[in-house]
Amino acid sequence: MNRHPAKPGPGQESVWDYPRPPRVEPSLEHVVLRFNGKVIADTRDSVRVLETSHPPTYYLPRDAFSAGVLTPVNGHSFCEYKGLASYLSIVVGDRRADAVAWHYPHPEAGFESLAGRVAVYPGRLDECTVDGELVRAQPGDFYGGWITDRIVGPFKGAPGTLGW
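Analysis parameters
- Residues numbered from 1 in each chain as written.
- Predicted model: local features only at pLDDT ≥ 70, side-chain atom pairs only at ≥ 80, totals over all residues.
- Heavy atoms only, no water.
- Helix = DSSP H or I, 4+ residues; strand = E, 2+ residues; numbered from the N terminus.
- Pairing = 2+ DSSP bridges.
- Axes fitted to C-alpha atoms, helices over the stretch in contact; angles between N-to-C directions.
- Salt bridge = Lys/Arg side-chain N within 4 Å of Asp/Glu carboxyl O.
- Buried < 20%, exposed > 50% of the residue type's maximum accessible area, 1.4 Å probe, protein only.
- UniProt positions renumbered as here; feature names shortened; annotations may be inferred.
- Core = buried A, V, L, I, M, F, W, Y, C linked by side-chain atoms within 4.5 Å.
- Contact = heavy atoms within 4.5 Å.
- 1 Å grid on protein atoms, 1.4 Å probe; cavity = no way out; pocket = protein on both sides within 12 Å on 5 of 7 lines; lining within 4 Å.
- Points joined across faces, edges and corners; volume = space filled by probe spheres on them.
- Nonpolar A, V, L, I, M, F, W, Y, C, P; charged D, E, K, R; others polar.
- Polar contact = N/O pair within 3.5 Å; in protein donor to acceptor, adjacent residues only side chain to side chain.

Checked against the element boundaries, Arg-3 lands in the segment before β1 (13-14). C-alpha of Arg-3 to C-alpha of Ser-53: the two residues are 50 residues apart in sequence and 9.1 Å apart in space.

Here you go:
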């Protein structure tokens, strides 16, 4: 797979210009999540985590989600930068998406702004949009990056890229 960064056009960002360790930045973009025919979150108060070779991951305030759609599940993962993540399922009506969301109850220093916020795997919901644009999921089944026309890669996550 080609690891040579694409040149960003006007108004675009290259994921290869993002830092490592990652940076957290506030976003006023309009983020909407849909599942099972319902809007389950709608906010202009998100933060983006930006990390080299990854599309941004958006973290939304927990209270941006409709009441009762987030359900805790067993399982954790550890990020060397952000700390211990806990997972959540999303339940709307008769449909459930297990471990589709995660949060950091006690984020590490430098990532405190993630406290009280939830991220989702965009490819596991019906639809995620940023300022009206349909989000494309980061390749692979581990990372939760959000690809829009604003972002250029190539992106880590597809087969053959895990060593990047």
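What follows is about the sheet that holds strand β6 (residues 57-61). Across the sheet, seven strands lie side by side as β2-β5-β6-β10-β9-β8-β7; this open sheet has antiparallel pairing. Only two strands of the sheet have a single neighbouring strand rather than two, namely β2 (23-27) and β7 (70-79). The mean angle between the axes of side-by-side strands here comes to 35 degrees, regardless of whether they run parallel or antiparallel. Inspection of the sheet shows strand β9 (residues 95-103) paired to strand β10 (residues 117-120) by two bridges, in the antiparallel sense. Note that in β10 the partner of Ala-101 across the bridge is Val-120.

All right, on to the pattern of salt bridges then. For the coordinates displayed, the defined rule picks out 13 salt bridges. A salt bridge links Arg-150 to Glu-29, with the shortest nitrogen-to-oxygen separation between them at 2.6 Å. Residue Arg-150 is located in the loop between β14 (146-147) and β15 (151-152), and its partner Glu-29 is located in the loop between β2 and β3 (31-35); the two are separated by 121 residues in the primary sequence. A residue is classified by how much of its surface remains accessible, and Arg-150, at 26% relative accessible area, is partly exposed. Between Arg-34 and Glu-127 there is a salt bridge, and its shortest N-O distance comes to 2.8 Å.

Here the focus is the UniProt feature "domain: DUF427" (unreviewed entry) in the protein. Following the UniProt record, one finds the feature "domain: DUF427" (unreviewed entry) at residues 32-122. Taken end to end, residues 32-122 has its terminal C-alpha atoms 11 Å apart, with 0% of it in helix and 58% in strand.

Turning our eyes to something else, we now look at the nonpolar core. Formed by 36 residues in total, the largest nonpolar core has its most connected members in Leu-33, Phe-65, Ile-90, Val-120, Leu-125 and Trp-146. In contact with Ile-90, not counting residues within four places along its chain, are Phe-35, Ile-40, Val-69, Leu-70, Arg-95, Arg-96, Ala-97, Val-100, Val-120 and Leu-125. Core analysis: the next-biggest nonpolar cluster, separate from the first, contains eight residues, Val-15, Ile-147, Ile-151 and Phe-155 among them.

Attention now goes to the layout of surface pockets. The rolling of a water-molecule-sized probe over the atoms marks out the regions of remaining empty space. In this structure, the largest pocket occupies an estimated 480 Å³ of space. Along its surface, the largest pocket is lined by 22 residues, and Glu-51, Cys-79, Lys-82, Phe-142 and Tyr-143 are the ones closest to its centre. Of all the elements in the fold, those that place two or more residues in the lining of the largest pocket are β6 and β7. Across the lining of the largest pocket, the residue classes tally to twelve nonpolar, five polar and five charged.

Within the secondary structure, Ser-27 sits in strand β2. Overall, Ser-27 belongs to the buried group, its relative accessible area being 6%. At 2.7 Å, the side chain of Ser-27 forms a polar contact with the side chain of Glu-29.

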